[in-house]
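Here is how the chains run, residue by residue.
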There are 4 protein chains.
Amino acid sequence: MPLTQDQKTEIERQRAETQPTRRATVPALEEILYQPVPVLDHGFVRVIDYMGDDAAVVQAARVSYGKGTKRVSEDRGLIQYLMRHRHTTPFEMCEIKFHVKLPIFVARQWIRHRTANVNEYSARYSILDKEFYIPAPDQLAAQSVKNRQGRGDLLEGEEAARVLELLRRDAETAYASYAEMLNEDEAGAVTDGKRQGLARELARMNLTLNFYTQWYWKTDLYNLMNFLSLRADAHAQYEIRVYAEAMLGMLARWVPMTAEAFNQYRMGGAHLSEKGLDVVKRLIGGEAVTQADSGLSKREWAELMEALGREA
Amino acid sequence: MPLTQDQKTEIERQRAETQPTRRATVPALEEILYQPVPVLDHGFVRVIDYMGDDAAVVQAARVSYGKGTKRVSEDRGLIQYLMRHRHTTPFEMCEIKFHVKLPIFVARQWIRHRTANVNEYSARYSILDKEFYIPAPDQLAAQSVKNRQGRGDLLEGEEAARVLELLRRDAETAYASYAEMLNEDEAGAVTDGKRQGLARELARMNLTLNFYTQWYWKTDLYNLMNFLSLRADAHAQYEIRVYAEAMLGMLARWVPMTAEAFNQYRMGGAHLSEKGLDVVKRLIGGEAVTQADSGLSKREWAELMEALGREA
Amino acid sequence: MPLTQDQKTEIERQRAETQPTRRATVPALEEILYQPVPVLDHGFVRVIDYMGDDAAVVQAARVSYGKGTKRVSEDRGLIQYLMRHRHTTPFEMCEIKFHVKLPIFVARQWIRHRTANVNEYSARYSILDKEFYIPAPDQLAAQSVKNRQGRGDLLEGEEAARVLELLRRDAETAYASYAEMLNEDEAGAVTDGKRQGLARELARMNLTLNFYTQWYWKTDLYNLMNFLSLRADAHAQYEIRVYAEAMLGMLARWVPMTAEAFNQYRMGGAHLSEKGLDVVKRLIGGEAVTQADSGLSKREWAELMEALGREA
Amino acid sequence: MPLTQDQKTEIERQRAETQPTRRATVPALEEILYQPVPVLDHGFVRVIDYMGDDAAVVQAARVSYGKGTKRVSEDRGLIQYLMRHRHTTPFEMCEIKFHVKLPIFVARQWIRHRTANVNEYSARYSILDKEFYIPAPDQLAAQSVKNRQGRGDLLEGEEAARVLELLRRDAETAYASYAEMLNEDEAGAVTDGKRQGLARELARMNLTLNFYTQWYWKTDLYNLMNFLSLRADAHAQYEIRVYAEAMLGMLARWVPMTAEAFNQYRMGGAHLSEKGLDVVKRLIGGEAVTQADSGLSKREWAELMEALGREA
């Protein structure tokens, strides 16, 4: 369970308060503000704050004095035009802030997106909770045979059971040693008055990478879409993809027109290379093109056929 | 006058609307939201949107579930600690968006601050207004004799009058040619049915650098303070400093504790070099240090004496 | 002419010196190092320094101890894979530095690429040369009727002549006033001993936007390709596109494998939207799709037909 | 031992090759190019490539055609001026690339410096070596009593021995499970033909944070100095500080004038707040100021007295 009772109470207290504002406000996002959406076994993601809406994108594109909005259909058209033609700066004019609880190995992938602001819970000051990620049985995949960095078939039976046992056992052991070295319990009370306890900044190195950390993560709408297009993609590692998928729902609440254009032009669709486009033209012309005479490598050919919904 | 009647009406319309929000809200900043503060002869700066407040800095520093605030005195202490020790990331958790109207030569200095988002009015799409900056008589300074990049004494009499005449005449001429080449008036009506009119993306090159442009400029609190510490500094060029000074007032309304710490630790105070610190220690010890035996260059010595409020 | 005799001599002096290095070195780029390639009437771009080569991309992707290179064909395959799948970080491991002389209105577009390092010639310290851009007759285009930000037909006859006359006259006048206000000639000698001269930081505002400035501009290979894909594109303004085109040649000398992949996957090719991909599938299936039943707007339909080399 | 024999041979092979270049070259840095400097028990840092030198900083500041250098004394003076007055852009014109082997918990601090380029060894593709960090006995510190995030006295005797035993035991166990779950040995050979082996992207989560990773890290001279000023500081965690200290030596070889100015103005010296400066003025005036009448908090007072080399 990702939240304690105290935390839940604090969140409810915050949700109960409203204040008047002259700023652009999005009721559909206000509805879920501060509420954690559970992800994985102990994680969550929740929206803490936001700035701007679809109209703010339009307003910035026009550098207008007022709200920017003319008619809804014109705004939608402009947003689709901006998305199609890679006009990125108007989308940078909206900002969003998340609070995320996530395993450390996921955090290490996530942090590679540099155009964002981050404050992570510091295990130099505080003691981490005893919470670690154990994959659900339907995510316990073998190494892919085809793809050097992907997952293949599910592990089953004894092998699966053994993996879960090892993951759990090692995390438990690591945490027990962490607590012993610190000479403190989770509440911060000294365990053994005759010992000093290892510095927290050292002790944390004994934890395994599936322990949970948490952070505040803030980014603009353009960079959020970059993040989502990479991390909500089918090729992303499952454990980060589930966060991205939860955030796609938040995107749709926040800026529905932008989300629609994002799905249409970036998540959907495909990028064809010069040679790939050539193959498409020949196919449309009725030619029976094969990989051998396409000029494409086998891998590219397979990718193109997949995009076109054809047998490779 | 920086705004037309239509623009004023539009701004008033926006200011009249409020909506309830669960987000952090700052009444002192809401009070002036959307209102342009006049700067120079035709420019302005106004706050369009903001995210977060002093408590959001504290909340991020603690990665806390709730508002972050414990007691006001603790929050102030934490903010001062963060400022003093260059902990920059919590200040990045607040964001602000301005609409600015400014001369092009000021925009060229401003844009050098890269950690910000910008949408500028495009003179490829639209026709610029006939508005250019003419310095007030008390800003018509001669080249400094001491400082290769600064201003010296005021120009007076005939020389001053001649400068103002040239600036005005050349801007008027440039704009007249711009309009003639475009074959359009400011309202967009064709002037001469027999001509085609030069492309807007070409015609704009004829304008002088004191013409006004405008943009939306969004940045986080940390980078805003970097901007202000450089541009509100006494050594900044006057024409950008007046914008920075107007923004200092907005900072104080928005995040009063952070603004106080900023003034205390960054705008006030001084950075001493290793040798400068040495001189200070010797002075405290009662020694009569001179530039010659200080190890400092003449220029550094003068800067140090100025910081210490002593005669160089 | 973009360079003085002194500058040419200095460049030749630099080109004449070589030193041994253990670093990755690219002979084809060394060949043109420091040499300005002329662009527009007074501008140029030249490579001042570089770091890395194609093998450095491979080496970074593999985080290898040695040169990274296995066999040429494997390296090429890896580079194409990285380009196709948007793996950007290995391309960030190469860096290049240019010296560019360009009109101010071009500099204002260029500077919008923020992930780069810039040092611009400061007209606060120094006096700008009397050099301004006048379009060649074959670039003197009318405003496009279809495209609100583009160029249409060429201006001809009297209208063209008048435009050139105005551009030249206003630039000449602006520069004459600039010099008079400064009370200095280009060599820095005082013109009139009885006047003080306006501060350089003020006087420069009288110049028109077609005056030339210059800067050092440094970026990594990934961000260079972003710049080139936008600015060497047929839709970019001619006056920045010619710089980008000159730089494409430098890219090909520097990292030939990366340049090949860039042309194949980014400059060539096309991005299809979800609906666009759908149209393509129907066309391949032999259906006679029309704009009306495509689900695409007229503008998108036209763009898609153009990409497929079909009549809209 | 951080390197295998193969790796050493490869490095020696690279060091043996030189090529002529027209680029700025720094013999003192060439001397150690590619050579790993050992850090901690299994880590290292080595320079892989660099661009520019002290003269390149000067050249960029002057936007000059040639080498920038006039006389050595003038160059030194200009570099000191730039450093003192926070002119950051000329220092961005030099670039350096490192190959670093470091514990994961150190990598997590390091990566917070966002203005850099990184390629990390991917444990999704490859299997990590069995190498983990165990603090030397003289670094086995207790939690500080005064400083919530720092280290205090050394642990000794039984407590120290127990900590080392736990760290070693848990890392060994974690690695054994990692290898078992992967069903592969370090050489990549399958251990048990009847099992499939867990996907590498999952198995890595079982490793503890003291395991070593490695990356290519590239940054410009300005951002390198930001990194060093924070991480070579006495308050930085020891395990990252030792990397920064090794890099300080490389900085001195690479850009000796810049390194001198960096030590003088940034590493040495101190930043005084407005109130701190006030205290200094009163002390110089001969007043016997105490914390109570200084206007400073106890903590700030202590920090100021330390900077002035006085008893708090």
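Since the structure is predicted, the reported quantities are computational estimates derived from the model, not experimental observations.

### Quick word on the overall build of chain A
Okay, step 1: Secondary structure summary: chain A contains 12 helices and nine strands in total.
Okay, step 2: Projected onto its principal axes, the C-alpha positions of chain A cover 80 × 60 × 30 Å.

### Brief notes about the interface of chain C and chain A
Okay, step 1: Contacts between the two partners involve 19 residues from chain C, matched on the other side by 19 residues from chain A.
Okay, step 2: Residue assignment for the side of chain C that touches chain A shows that the elements contributing at least two residues are helix H10 (256-267), strand S9 (270-272) and helix H11 (274-284) of chain C.
Okay, step 3: No other element matches H11(C), which puts eight residues into the side of chain C that touches chain A.
Okay, step 4: Residue classes in the side of chain C that touches chain A are distributed as nine nonpolar, seven polar and three charged.

### Focus: the nonpolar core
Okay, step 1: Formed by 344 residues in total, the largest nonpolar core has its most connected members in Tyr243(A), Tyr243(B), Tyr243(C) and Tyr243(D).
Okay, step 2: Excluding anything up to four places from it in sequence, Tyr243(A) contacts Val39(A), Val45(A), Val100(A) and Leu102(A).

### Section: the relation of the copies chain D and chain A
Okay, step 1: Take chain D, turn it by 180°, move it 0.0 Å along the axis, and it overlays chain A with an RMSD of 0.0 Å. On the angle and the small slide along the axis, the relation comes out as a two-fold axis. When C-alpha distances to the rotation axis are compared across chain D, the minimum falls at Thr208(D), with a value of 2.0 Å.
Okay, step 2: A share of 100% of interface residues in chain D that are also interface residues in chain A marks the association as one of identical surfaces.

### Considerations on helix H10 (residues 256-267) of chain B
Residues and elements named next belong to chain B.
Okay, step 1: Along H10, the residues that are buried comprise Met257, Thr258, Ala259, Ala261, Phe262 and Tyr265.
Okay, step 2: Buried positions along H10 lie against helix H3 (54-62), helix H4 (72-84), helix H8 (221-231) and helix H9 (238-254).
Okay, step 3: Directly beyond the C-terminal end of H10, a positive phi value near 75° is found at Gly269.

### A closer look at the sheet that holds strand S5 (residues 117-120) of chain B
All names here are of chain B.
Okay, step 1: Spatially, five strands are ordered S2-S3-S4-S8-S5 in an open sheet, and the strand pairing comes out antiparallel. The sheet terminates laterally at strand S2 (37-39) and S5, the two strands that pair on one side only. The sheet shows a mean angle of 25° between the axes of neighbouring strands, taken without regard to direction.
Okay, step 2: Contacting strand S4 (95-103) and strand S8 (212-220), H8 runs over the sheet at an angle of about 130° to S8.
Okay, step 3: The strands touched by H9 within the sheet are S2, strand S3 (43-51) and S4, with S3 carrying the most contacts at an inclination of about 35°.

### What to know about helix H11 (residues 274-284) of chain A
Okay, step 1: Listing the buried residues of H11(A) in full gives Gly276(A), Leu277(A), Val279(A), Val280(A) and Leu283(A). Relative to the axis of H11(A), the buried residues are bounded by an arc of 155° and lie together on one face.
Okay, step 2: Here the buried face of H11(A) lies against strand S9 (270-272) and helix H12 (298-307) of chain A together with S9, H11 and helix H12 (298-307) of chain C.
Okay, step 3: Looking one or two places after H11(A), you find Gly286(A), whose phi comes out positive at around 95°.

### Looking at the relation of the copies chain C and chain A
Okay, step 1: If you rotate chain C by 180° and push it 0.0 Å along the axis, it lands on chain A with an RMSD of 0.0 Å.
Okay, step 2: Here 100% of the interface residues in chain C have copies in chain A that are interface residues too; the copies meet face to matching face.

### What about the sheet that holds strand S2 (residues 37-39) of chain D?
All names here are of chain D.
Okay, step 1: If you walk across this open sheet you meet the five strands as S2-S3-S4-S8-S5, and the pairing is antiparallel. What marks the edges here is a single partner per strand, and that holds for S2 and strand S5 (117-120). The average angle at which neighbouring strand axes cross in this sheet is 25°, direction not considered.
Okay, step 2: With four bridges joining them, S5 and strand S8 (residues 212-220) adopt antiparallel strand pairing. Within S8, the residue paired with Asn119 across the bridge is Tyr216.
Okay, step 3: Sitting on the sheet, helix H8 (residues 221-231) is in contact with strand S4 (95-103) and S8, with an inclination near 130° to S8.

### Some details on the domain arrangement of chain A
Okay, step 1: Assigned domains within chain A: domain 1 (1-130 + 210-269) and domain 2 (274-307).
Okay, step 2: A C-alpha centroid distance of 37 Å is found between domain 1 of chain A and domain 2 of chain A.

### Concerning the environment of Pro2(D)
Residues and elements named next belong to chain D.
Okay, step 1: Counting through the fold element by element, Pro2 comes out in the segment before helix H1 (5-16).
Okay, step 2: Spatially, the C-alpha atoms of Pro2 and Thr18 are 25 Å apart, while their sequence positions differ by 16 residues.
Okay, step 3: If we ignore the near neighbours within four places in the chain, the residues touching Pro2 are Pro36, Pro38, His42, Gly43, Phe44 and Lys101.

### What about the interface of chain D and chain A?
Okay, step 1: Listed as interface residues are 43 residues of chain D and, on the opposing side, 44 residues of chain A.
Okay, step 2: Those elements that provide at least two residues to the side of chain D that touches chain A are strand S6 (141-143), strand S7 (151-154), helix H6 (157-182) and helix H7 (200-203) of chain D.
Okay, step 3: It is H6(D) that contributes the most residues to the side of chain D that touches chain A, 10 residues altogether.
Okay, step 4: Across the side of chain D that touches chain A, the residue classes break down as 20 nonpolar, 11 polar and 12 charged.

### What about unusual backbone geometry?
Residue and element names in this part refer to chain B.
Okay, step 1: Positive phi, close to 75°, is recorded for Tyr34, a residue that is not glycine.
Okay, step 2: Topologically, Tyr34 is positioned in the loop between helix H2 (27-30) and S2.
Okay, step 3: Residue Tyr34 is classed as buried on the basis of its 20 C-beta neighbours within 10 Å.
Okay, step 4: Of note in the backbone geometry, Asn183 takes a positive phi value of approximately 60° without being a glycine.
Okay, step 5: Looking at where Asn183 falls in the secondary structure, it is placed in the loop between helix H6 (157-182) and helix H7 (200-203).
Okay, step 6: What makes Asn183 buried here is the crowd of 20 C-beta atoms within 10 Å.

### Focus: the confidence of the model for chain A
Okay, step 1: Mean pLDDT for chain A: 93, with 98% of residues reaching 70 or above.
Okay, step 2: Listed scores for the predicted complex are pTM 0.96 and ipTM 0.94.

### Comments concerning the packing of H8(B) against H10(B)
Describing two packed helices takes the angle between their axes plus the distance from one axis to the other.
All names here are of chain B.
Okay, step 1: Axis separation between H8 and H10 bottoms out at 12 Å; the angle between their running directions is 45°. For the element pair H8 / H10, the angle class is oblique. As H8 packs across H10, the resulting crossing turns out to be right-handed. Facing Leu221, Met225 and Ser229 of H8, the residues of H10 in contact are Thr258, Phe262, Arg266 and Met267.
Okay, step 2: Looking at side-chain class alone, the contact of H8 with H10 contains four nonpolar, two polar and one charged residues.

### Description of the environment of Leu207(D)
Okay, step 1: Mapped onto the secondary structure, Leu207(D) falls in the loop between H7 and S8.
Okay, step 2: Taking the number of C-beta atoms within 10 Å as the measure of exposure, Leu207(D) has 25 and is therefore buried.

### Observations concerning the environment of Ile104(C)
All names here are of chain C.
Okay, step 1: The residue Ile104 is located in helix H5 (residues 104-110) in this model.
Okay, step 2: For the pair Ile104 and Tyr212, spaced 108 residues apart in sequence, the C-alpha to C-alpha distance is 5.8 Å.
Okay, step 3: Not counting residues within four places of it along the chain, the set of residues in contact with Ile104 comprises Leu209, Phe211 and Thr213.

About the cut-offs
- Residues numbered from 1 in each chain as written.
- Chains lettered and ligands numbered in written order.
- Predicted model: local features only at pLDDT ≥ 70, side-chain atom pairs only at ≥ 80, totals over all residues.
- Helix = DSSP H or I, 4+ residues; strand = E, 2+ residues; numbered from the N terminus.
- Contact = placed C-beta atoms within 7 Å.
- Nonpolar A, V, L, I, M, F, W, Y, C, P; charged D, E, K, R; others polar.
- Core = buried A, V, L, I, M, F, W, Y, C linked by C-beta atoms within 7 Å.
- Buried ≥ 20, exposed ≤ 12 C-beta atoms within 10 Å, placed from the backbone.
- Least-squares fit on C-alpha atoms with pLDDT ≥ 70 in both.
- Pairing = 2+ DSSP bridges.
- Axes fitted to C-alpha atoms, helices over the stretch in contact; angles between N-to-C directions.
- Arc of directions from axis to C-beta.
- Domains from an automatic or database assignment.
- pLDDT = per-residue confidence, 0-100.
- Parallel < 35°, antiparallel > 145°, perpendicular 65-115°, else oblique.
- Left-handed = near helix turned anticlockwise from the far one by under 90°.

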